[in-house]
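# Working through the structure, step by step
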Amino acid sequence: MPTEKERLDAVEPTVADLVHRTQLLTAELGRVSARLLVLERRLSGAGSGPDEDFDAVAGEVVPVVAALRAAWDAEQDVLADSVRVELRQEVAEYEALKERRDAGRARLAAGRMPRIDRDQLDHEVHQLDWQIGATEAGAQDAEARLEADTAAAEDPRRREAVLAGEKAREEIWEAAARRLERALAEDTRLPLWFRVGLGEIPSPDPNPWVRAATGLIAYRLEYGVTTAVDPLGDPPSAGSGSAAWVRRTEVHTDLLDQLQTLRP
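Residues numbered from 1 in each chain as written. Predicted model: local features only at pLDDT ≥ 70, side-chain atom pairs only at ≥ 80, totals over all residues. Heavy atoms only, no water.

## A short note on the confidence of the model for the protein chain
Here the protein chain averages 88 in pLDDT, and 84% of its residues register 70 or above. Below a pLDDT of 50 lies the segment residues 33–38, which in the model reaches zero contacts outside its immediate sequence neighbourhood of four places, other chains included. Confidence drops under a pLDDT of 50 for residues 40–46, and excluding neighbours within four residues, the segment shows 19 contacts in the predicted structure. (pLDDT = per-residue confidence, 0-100. Contact = heavy atoms within 4.5 Å.)

Next up, the structure:
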């Protein structure tokens, strides 16, 4: 029968292992608790640093924002590529109807043909006349818009502003990324609209969150959005067909999709 000392010697490695595991769990619990405290503070915007103003047009972004504003004005009278394609198609379809109508009239005037064929062709010409009348106003408006678009696109100063805007759009994204990186590193108090739109950084892959946050900051800087709560401000409308409004609408839609994806 083992003695008391022998029994103690037998269980001592187990006890030592349990003590070691307990110490590791305690340390891990402390690390997790500290991380949760940081996450809670960031989620609530209660950082240890000053209030963060991602919307401030100051310093390095001043000339970039100015270039974006000039590009916005320049693109008001320039059609978006997708709109230009639709208008050209509308004009082409109208012209095709007229060609078919004129060809039918020429055949009717050319000479004799079986009565049934003539009646059928005459009916077709009348139908084409009706379709041409129904689409004429829209086609003329489309043609006028295309002519105005061509004139606007050929303006050298307008082209220069648009090209400068494309470069500035890349620069504003880089500036937004730097602002975000600095704010997270310094644990500043994040704006309410930022917290509402993005929530907490997800784990284990924060890249979608960072991409959405950077795009959101860049969007607000480019379009002068300063709403306190709504991250994206009022939704834009692409109804005018201008390149400026169509681009903004597309970016707005993409950002909205990203923000909705981040929500649990």
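## Regarding the environment of Leu68
When you line up the elements, Leu68 lands in helix α2 (residues 61–74). Note on Leu68: relative accessible area 2%, which makes it buried. Spatially, the C-alpha atoms of Leu68 and Leu221 are 9.4 Å apart, while their sequence positions differ by 153 residues. Ignoring any residue separated from it by four or fewer positions in sequence, one finds Leu68 in contact with Gly165, Ala168, Arg169, Ile172 and Glu222. (Helix = DSSP H or I, 4+ residues; strand = E, 2+ residues; numbered from the N terminus. Buried < 20%, exposed > 50% of the residue type's maximum accessible area, 1.4 Å probe, protein only.)

## Re helix α4 (residues 115–153)
The end-to-end C-alpha distance of α4 is 53 Å, a good match for the 57 Å that 39 residues give at a rise of 1.5 Å each. The largest bend in α4 comes to about 45°, at Thr135. Looking at α4, one finds that the buried residues are Leu121, Val125, Leu128, Ile132, Ala139, Ala142, Leu146, Asp149 and Ala152. On its buried side, α4 packs onto α3 (81–110) and α5 (156–186). (Expected span 1.5 Å × (residues − 1). Bend = angle between axes of the 7 residues up to and from the residue.)

## Regarding the packing of aromatic side chains
Inspection of the entire model under this criterion finds seven aromatic pairs. Arranged with centres 5.6 Å apart and planes meeting at 75°, the rings of Trp72 and Tyr223 form a pair that is edge-to-face. With Trp72 in helix α2 and Tyr223 in helix α7 (residues 207–223), the pair connects residues that are 151 residues apart, well separated along the chain. Like Tyr223, Trp72 is buried. On the basis of an interplanar angle of 70° and a centroid distance of 5.8 Å, the ring pair of Trp193 and Phe194 is categorised as edge-to-face. Members of the aromatic cluster, joined through ring pairs, are Phe54, Trp193, Phe194 and Trp209. When the ring centre of Trp193 is taken as origin, the NZ or CZ atom of Arg220, which lies over that ring, is 3.8 Å away. (Phe/Tyr/Trp six-rings, centres within 6.5 Å; stacked < 30°, edge-to-face > 60°. Lys NZ or Arg CZ within 6 Å of the ring centre and 35° of its normal.)

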